[in-house]
Every structure is written in structure tokens, then in C-alpha cells.
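Geometric and topological summary
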Amino acid sequence: MRVVLLGPPGAGKGTQAQIIAGRLGAPAISTGDIFRANVSGQTELGQKAKVFMDAGDLVPDEITVAMVKDRLAEPDAKAGFLLDGFPRTIAQAEQLAGSLADLGQGLDRVLELVVEEEELVRRLSGRRMLVDGEWVQREDDKPETVRHRLEVYREQTSPLSGFYRQAGLLSQIDAIGEIDEVTDRALTALGFTDDDGPAGAPAAS
Ligand code: ADP
């Protein structure tokens, strides 16, 4: 199954992506994680991306799109994937459709995690990550940057809801509640039943 997880910063995409990908038996591909790995590894890509990330801006499409295209061409993504944090602009969505079409593939579903903005600010400002045994705040989780990321989301990413609704691919779920409640809603929207296994999910091709 080929799924895109859509939702604002702080909606819990990363957490849900890991769990859902496990159920799908497909890799969760997070552009944010790939960028962060490149920043810590001090690669050329990381050095380019860091400036944008620290400011809470989107990394330019040409950098991001090429990176995702390479990742989707890897063998583990052949039968399916869960994209977390990509696409984030209409241009990225169009390029994704093109890359998949080149591979003879298409998306099965776009799952949007819906959380209102007040809750997002609260979650992001309080978020800490465990790095080398210490809890640290992500540079881009500082309050001013959080506000800016939400603005960027509203302006550049939220139009993707309409884009995918028109394509008949969108399912929206309420992402407030316990993690496993949200997971249940997500799996139901993807056609999984309580019994396990995808119900009516197209076979991997
Ligand atoms: P969040 O969803 O919490 O904002 P991510 O980990 O998904 O965080 O992304 C962190 C940063 O990485 C973004 O603010 C942006 O700078 C960059 N990034 C991630 N995905 C993309 C993308 N698809 N296009 C452009 N920039 C991206």
C-alpha cells in the first residue's frame, strides 16, 4: 500500500507513521528524519538543508524532491511505503505523482491528521527529544520558530487537503486523543479491520 501522511507539525505524524508502517509491512519514510540524519552526518545535503530547517522554512523543492525520488527507488519501497512529511507543497505533490507514474505506481490513500492550532503550539513547545541520553529541544521547536512553521504549513501545505480530496484520495482523522486511539482511527481509514490485515487494500504490485 502506498500512503501519504499529511498533517501539521506536532500532529503526531512521526509517531503514527512508525506504528502504521509496521502494520503495513512497509517502510515509513520521513523527509524530516532524512534531513536531520544528513545534518548530524554533516553531509553536503545536510549543510544545505540546515539553514532552512533552523529557520522553520521548507527546504527548497528541488533538493527535497530529488532526495525522495532516490529513496522511493530503493528496493524496500517497491511494494509500498508510508510517506511522512512529504509532499508539503502542491509542486512536490505533482512531482511525486510524476515519479510514481514513471515507476508504474500511484498513491492508494492520503491520511490527514487533524489537530487545531492551539493544541499544536502546546505540543511542540513542550516537546523534547532524547539525544545521546539527554532530553533536548529541537532547534526548530523554539516558540518563534514553531509559530513560523505553523504559518508555513497553513500557506504552503494545507492546500494539499483540497488537492488530494479532488483526487478522491483523502481521509481525514481526528488526531486528538491517546496514541492508540489515533492509530485505530488511522487503520480504520486505511481499510484495516480489528481482526488484522488490510481489508480491501490493493495487493502490492
Ligand atoms: P514537523 O512536521 O514537525 O515540522 P519534520 O521533521 O517533518 O517536522 O520536518 C522538519 C523540517 O525539515 C521542516 O521544517 C523543513 O525545514 C524540512 N522538511 C521536511 N520535509 C520537507 C519537505 N517535504 N519539503 C521541504 N522541507 C521539508
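Look up: the structure comes first, before these words.
Reading guide: rules and limits
- Residues numbered from 1 in each chain as written.
- Predicted model: local features only at pLDDT ≥ 70, side-chain atom pairs only at ≥ 80, totals over all residues.
- Heavy atoms only, no water.
- Helix = DSSP H or I, 4+ residues; strand = E, 2+ residues; numbered from the N terminus.
- Buried < 20%, exposed > 50% of the residue type's maximum accessible area, 1.4 Å probe, protein only.
- Near = heavy atom within 4 Å.
- Polar contact = N/O pair within 3.5 Å; in protein donor to acceptor, adjacent residues only side chain to side chain.
- Areas by Shrake-Rupley, 256 points an atom, 1.4 Å probe, with all protein chains shown as cover.
- Contact = heavy atoms within 4.5 Å.

Some thoughts on unusual backbone geometry
- A cis geometry characterises the amide bond from Phe86 onward to Pro87, with omega recorded as -5°.
- At Gln42, a residue that is not glycine, the phi angle is positive and equals roughly 50°.
- In this structure, Gln42 sits in the loop between α2 (31-40) and α3 (44-55).
- Its relative accessible area of 61% is what places Gln42 among the exposed residues.
- Non-glycine residue Asp132 carries a positive phi angle of around 50°.
- Within the element layout of this structure, Asp132 appears in the loop between β5 (129-131) and β6 (134-136).
- Overall, Asp132 belongs to the exposed group, its relative accessible area being 78%.

Section: the site of the ligand
- Contacts to the ligand come from 19 residues, most closely from Thr31, Arg36, Asp57, Gly85 and Arg149.
- At a separation of 3.2 Å, an oxygen atom of the ligand approaches a polar side-chain atom of Lys13.
- Between the ligand and Thr31, the relevant distance is 2.7 Å, taken from a nitrogen atom to a side-chain nitrogen or oxygen of the residue.
- In isolation the ligand offers 540 Å² of accessible surface; the protein chains occlude 96% of this area.

Structural notes on the environment of Leu169
- Within the secondary structure, Leu169 sits in the loop between α8 (159-166) and β7 (170-174).
- The spatial distance from the C-alpha of Leu169 to the C-alpha of Asp108 is 6.9 Å, given a sequence separation of 61 residues.
- Among all residues touching Leu169, those that are not within four sequence positions of it are Leu107, Asp108, Arg109, Val110 and Tyr164.

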